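Structural overview
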Amino acid sequence: MGKLIKEDKNKFKYDYNNKIFIINIILSFLFFLLSIIGFENLIGFILLLSMAILSVCNSFFLIWPQGIRIAKNSIVIVDDIRIKKINMDDIKYLTFKQIPKEKKNNFYGFFLEFFSPYTYMTHCDYVYNQGKVFNIYIYLKNGTIITSYYGWLYKEKKIEKVMEIERKLNIFIKKVNSLCRKNDV
């Protein structure tokens, strides 16, 4: 599922395996099918068709763009529902740090956190399986620190996947840092 879309070296995508994106597309397709099936009932048709349209919009406007990408002479951060564009000349460097969280069992997470988008978009109370969450810090030359929350790994089952994503994040941050150093020279 994760190799469906070509990897962009100038972007660190938060939905690393496109899981949430694909789930939303499938949901929108199901809502659309249900709206066609319930065509006789006008209110149900309109309601289900509206849900399908909202689900498609959610997929393409909220989930798909989430991450950090390098634009011409800036980086663009899309997290939560915010878009931040920062000029490379203003950036001193980037780092990331794991946020220590207590591990809980999947039974607890199933009933309290697994179905809430806030757990991977803004914060989670716990991590599950081999999961980790991070803060990405952007240090600006004027002393300001901008933080971006990366919680998409909060319930990842495979430690190898967590290590791979952590390695990719580290490589991406080193690339941005090297571009920032080039701008200083």
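Here the structure is a predicted model, which is why all the values come from computation and not from measurement.

Points about the overall build of the protein
Within the protein, the secondary structure is distributed over 5 helices and 9 strands. Going residue by residue from the N terminus, the α and β elements of the protein occur as β-α-α-β-β-β-β-β-α-α-β-β-β-α. Residues classed as buried in the protein amount to 38% of the 185 residues present. Partitioning the contacts of the protein with sequence separation of at least 6, the portion at a separation of at least 24 is 64%. Summing over all exposed atoms, the protein offers an accessible surface of approximately 11,300 Å²; the carbon and sulfur share of this is 64%.

A look at the sheet that holds strand β8 (residues 134-140)
In spatial order, the strands read β5-β8-β9; together these 3 strands make up an open sheet with antiparallel pairing. Where the open sheet ends on each side, the last strands, each with one partner, are β5 (91-98) and β9 (145-150). Taking the axes of each pair of neighbouring strands and ignoring which way they run, one obtains an average angle of 20° across the sheet. Pairing geometry for β8 and β9, over 6 bridges, is antiparallel. Paired with Y139 across the two strands is I145, which belongs to β9.

A few points about the confidence of the model for the protein
Confidence along the protein averages 81 in pLDDT terms, with 84% of residues attaining 70 or more. Per-element confidence in the protein ranges from a low mean pLDDT of 58 for helix α4 (residues 118-121) to a high of 92 for β8. Within the model, the stretch residues 1-5 combines pLDDT values under 50 with 9 contacts to residues more than four positions away or in other chains.

Quick word on the sheet that holds strand β1 (residues 11-13)
Reading across the sheet, the 4 strands line up as β1-β2-β3-β4 and stay open at both edges, with antiparallel pairing between neighbours. Each having just a single partner strand, β1 and β4 (82-87) make up the two edges of the open sheet. Within this sheet the neighbouring strands show an average axis-to-axis angle of 15°, counted without direction. Bridge count between strand β3 (residues 74-79) and β4: 6 bridges; the pairing is antiparallel. Bridging from a neighbouring strand, D79 pairs with R82 of β4.

Focus on the side chain of N24
Counting through the fold element by element, N24 comes out in helix α1 (residues 19-37). With residues up to four places along the chain from it excluded, the contact list for N24 reads S55, N58, S59 and I63.

Brief notes about α1
Counted at 1.5 Å a residue, the expected span for α1 with its 19 residues is 27 Å, and the 27 Å between its end C-alpha atoms agrees. Taken as a whole, α1 has its buried residues at I20, F21, N24, S28, F31 and S35. Taken around the axis of α1, the buried residues stretch over an arc of 105°, which confines them to a single face. Facing away from the buried surface of α1 by more than 90 degrees, the exposed residues are F29 and I37.

Cut-offs and rules
- Residues numbered from 1 in each chain as written.
- Predicted model: local features only at pLDDT ≥ 70, side-chain atom pairs only at ≥ 80, totals over all residues.
- Heavy atoms only, no water.
- Helix = DSSP H or I, 4+ residues; strand = E, 2+ residues; numbered from the N terminus.
- Buried < 20%, exposed > 50% of the residue type's maximum accessible area, 1.4 Å probe, protein only.
- Contact = heavy atoms within 4.5 Å.
- Areas by Shrake-Rupley, 256 points an atom, 1.4 Å probe, with all protein chains shown as cover.
- Pairing = 2+ DSSP bridges.
- Axes fitted to C-alpha atoms, helices over the stretch in contact; angles between N-to-C directions.
- pLDDT = per-residue confidence, 0-100.
- Expected span 1.5 Å × (residues − 1).
- Arc of directions from axis to C-beta.

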